[in-house]
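# Observations on the model geometry
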Amino acid sequence: MPKLPGLIKGLGVTMGTMGRTVKDGANTVQYPHEKEAPPVRARGVIALHEENCTACMLCSRSCPDWCIYIEGHKQLAPARRAGGKPRQVNHLDRFDIDYALCMYCGICVEVCPFDALFWSPEYEYSEPRIADLLHDKDKLGEWMETVPEAPSLEAGAGK
């Protein structure tokens, strides 16, 4: 009989919660009809700033899921100084992220040395076909419009 007091205590907590729910109503957002604003630093979808990407492949190599596909080629660029030698630069041909495989860890955003990848708080990008979750560089570029400005640093953070 030592379990009976614990059972009564547990039922009391359950009945109290049920009474508050019946009296005040449920604290549930009815999602398709009502939408909550995501938190400030929410991880929704990854956006690509294509002009900053140098096809260095750091994001692809550091991705634990191998869901980032990059292809590029080298191009000759004009010399930086007069009389200088033309230099080779990487040009991005393909940048795809397969969101069916992505686990949203953010390693790719963190390792990018050129600020080409950003978190967007958008979370409504479901597709009826799983194959449509492969977003190409054009689709990833469209997500850049939803990336919020970086929040200012807290007092004393720059020291």
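Read on for an overview of the structure.

Rules used throughout
Every residue gets a number counted from 1 within its own chain, in the order that chain's sequence is written. Local features in this predicted model are restricted to residues whose pLDDT is 70 or higher, and side-chain atom pairs enter the listing and the counts only when it is 80 or higher, whereas totals over whole chains, interfaces and linings include all residues. Side-chain measures here rest on the full set of heavy atoms in the structure, leaving out hydrogens and waters. Numbered from the N terminus, helices here are DSSP runs of H or I no shorter than four residues, and strands are runs of E no shorter than two. As defined in this context, the radius of gyration uses C-alpha atoms, and a globule is described by 2.2 Å times the residue total to the power 0.38. Only protein chains enter the accessibility calculation, which uses a 1.4 Å probe. A residue is then buried if its area is under 20% of the maximum for its type, exposed if over 50%, and partly exposed in between. Any two residues whose heavy atoms approach within 4.5 Å at even a single point are treated as in contact. Per-residue and other accessible areas follow the Shrake-Rupley method at a 1.4 Å probe size, with only the shown protein chains counted as cover for residues. The rule for a disulfide is simple: a pair of cysteine sulfur atoms within 2.5 Å. Two aromatic rings from Phe, Tyr or Trp, using only the six-membered ring of Trp, form a pair when their centres are within 6.5 Å; if the ring planes differ by under 30 degrees the pair is stacked, by over 60 it is edge-to-face, and anything between is tilted. By this rule, a helix spans an expected 1.5 Å times one less than how many residues it contains.

## Looking at the overall build of the protein
For the protein, the count of helices and strands is four helices and five strands. Counted from the first residue to the last, the protein has its helices and strands arranged as α-β-α-β-β-α-β-β-α. A compact globule built from 159 residues should have a C-alpha radius of gyration of about 15 Å, whereas the protein, at 24 Å, is more than 25% larger. Projecting the C-alpha coordinates of the protein onto the three principal axes gives extents of approximately 90 × 50 × 35 Å. In the protein, which comprises 159 residues, the share counted as buried stands at 24%. Across the protein, the fraction of contacts at a sequence separation of at least 24, relative to all contacts at a separation of at least 6, is 71%. For the protein, the accessible area works out to roughly 11,900 Å², and carbon and sulfur atoms hold 56% of it.

## A word on the state of the cysteines
Taken as a whole and judged by the stated rule, the model has zero disulfides. Here Cys105 is not disulfide-linked; the sulfur of Cys63 is the nearest cysteine sulfur, at 6.1 Å.

## A few points about the packing of aromatic side chains
In total, this model carries four aromatic pairs according to the counting rule given. When the ring of Tyr31 is compared with that of Tyr123, the centres are 6.3 Å apart and the planes differ by 45°; the resulting orientation is tilted. Placement of the pair is Tyr31 in the loop between α1 (3-24) and β1 (45-48) and Tyr123 in the loop between β4 (117-120) and β5 (134-135), with a sequence separation of 92 residues. Three or more aromatic residues link up through ring pairs in this structure, and these residues are Tyr99, Tyr104, Tyr125 and Trp143.

## Focus on α1
For an α-helix the count is 3.6 residues per turn, leaving residues at separations of three or four pointing the same way. Over its 22 residues, α1 runs 32 Å from end to end, which matches the ideal 32 Å to within 8%, given 1.5 Å per residue. The positive-phi residue at the C-terminal boundary of α1 is Gly25, with phi of around 95°.

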